[in-house]
Amino acid sequence: MKDSNFLKEMNARSVWHPMAHPADCQANPPTIVTGASGVRIKDIDGHEVVDAVGGLWNVNLGFSCDPIKAAITAQMERLPYYSIFRGTTNDTVIQLAEELRDFFEPDGLSRAFYTSGGSDSVETALRLARQYHQVRGEAGRTKFLSLKKGYHGTHFGGASVNGNANFRSAYEPLLAGCHHIPAPYTYRNPFNESDPERLAQLCLSMLEDEIAMQGAGSIAAFIMEPILGAGGVIPPHESFMPGVREICTRHGILLIADEVITAFGRTGSWSGSRHWGVQPDLMCTAKAITNGYFPFGAVMIAEHVAQVFEQDETGKANIGHGYTYSGHPVGAAAALACLEETIRLDVPTNAAARGAQLFKGLQALQQKYELIGDVRGGHGLMCALELVSDRTAKTPIDKATIGKVQDAAYQAGAMVRMSGANLIMSPPLVLTEADVDTILTALDAGFASVS
């Protein structure tokens, strides 16, 4: 390992960072994280903080989960890699598929298609949705519907169904036939409606209207996050996702639940779909499936969808899609160990309790600081603060100010994530009451630094 002077001098010189301007990274070098333990990370100068970002929504069990590390090491020694393309497989992916089938049985999901991560899972679900309709003789169903503010990764398919211009405008033209409806975002919406239940019904009406406009027979699937994550932690009213499910079923449209963030306990339920009492047709997973220790994902497929493929005799159901690292044995071993530990620790229970504590604390900070325009959360450990320079006008905060809040909070003991005008928190699901207090105290210091 090079010494700290070398690392600091070369920071961002030869690396382009995701979701960042290269010149900005060079002018403002990123924090160099060199260690982690429990729910804390340590930087190159030895400064240790609670990681309120949870890696990137994915380190649900913290950084010291030895069973996953041991499983990765053992699998590396036994079978470090082999393809599961047609004709070969491995024992670990078979076992994992059975465990996932049991885990997602309440969601109505019974098959797994393995991927390398979240964007891959979304791309896979979109492709399988189109192919499903082709196999059934409805090849005209090619369009996709999704929510504004939704985030579905960065592949061309995922970017096309994304509902945020930041991930789209520089890469257009994108996939044709992708249409968006307003998200149930009470703080900002085209209806100026602040009542969550009323807003949910208005958004569902927009969905019905868009289906009528496009023609139900042209639509393959509707994709949504049960709680919008990267778009700023936007939880819908409890009636919204069940309403989407009913509309999709009535019109023969598949419902894809993007649970790359929400699966495996983050919402205080085992899955985001289960949180709202909905069974999707396809579910995208990744991130917490291996606790972030290995790039891996799985698209879970409903039994009735699987039957359409498995009973085909025309050849149309041959899947011409997959990744070199689909079903990577090391990733599968990590997922097996992670799933076992996730269940053993009953992480949704702690996520719900600590999430309620964090949400209440953030609401208290809103009463103290005018910069906090909106507090969102209340469903497990995913919360956001939307910052404004004028609370009445809801004017988004400038980048420099929110950056100062983030930096001061970091110095005071917590890493939080800055995304536009939002400070987003998605800490590990194993954090303690004291850890939440540390996050809140750090944020208090961050806001005090600019007040």
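Colleague: Pulling in residues and values, what's your account of the sheet that holds strand β5 (residues 143-147)?
Modeller: Ordered in space as β4-β10-β9-β8-β7-β5-β6, the seven strands form an open sheet in which the pairing is mixed. Of all strands in the sheet, those with a lone pairing partner are β4 (109-115) and β6 (178-181), marking the two edges. Recorded for the sheet is a direction-independent mean angle of 20° between the axes of neighbouring strands. Judged from the four bridges that link them, β5 and β6 form a sheet pairing that is parallel. Looking across to β6, one finds that L147 is bridged to I181. Here helix α5 (residues 91-103) sits on the sheet in contact with β4 and β10 (297-302), set at roughly 135° to β4.

Colleague: Lay out a negative patch on the surface with the relevant residues and their values.
Modeller: Residues E98, E99, D102, E105 and E340 make up a contiguous surface patch of negative charge. By residue number, the principal contributor to the negative patch is α5, which donates three residues. Given the relative accessible area of 53%, E105 is considered exposed.

Colleague: Describe the nonpolar core, with residues and values.
Modeller: Counting 81 residues, the largest nonpolar core has L100, F222, V244, I256 and F264 as the members making the most contacts within it. The element that contributes the greatest number of residues to this core is helix α6 (residues 118-135), accounting for seven residues. Here V244 is in contact with L204, L207, F222, M224 and L255, once residues within four sequence places are set aside. Core analysis: the next-biggest nonpolar cluster, separate from the first, contains 44 residues, F294, Y369, L371 and F447 among them.

Scoring rules and cut-offs
Residues numbered from 1 in each chain as written. Predicted model: local features only at pLDDT ≥ 70, side-chain atom pairs only at ≥ 80, totals over all residues. Heavy atoms only, no water. Pairing = 2+ DSSP bridges. Helix = DSSP H or I, 4+ residues; strand = E, 2+ residues; numbered from the N terminus. Axes fitted to C-alpha atoms, helices over the stretch in contact; angles between N-to-C directions. Contact = heavy atoms within 4.5 Å. Patch = residues over 30% accessible without salt bridge, like charges linked within 9 Å, V, L, I, M, F, W, Y side chains within 5 Å. Areas by Shrake-Rupley, 256 points an atom, 1.4 Å probe, with all protein chains shown as cover. Salt bridge = Lys/Arg side-chain N within 4 Å of Asp/Glu carboxyl O. Lys, Arg positive; Asp, Glu negative; His and termini not counted. Charge placed at Lys NZ, Arg CZ, Asp CG, Glu CD. Buried < 20%, exposed > 50% of the residue type's maximum accessible area, 1.4 Å probe, protein only. Core = buried A, V, L, I, M, F, W, Y, C linked by side-chain atoms within 4.5 Å.

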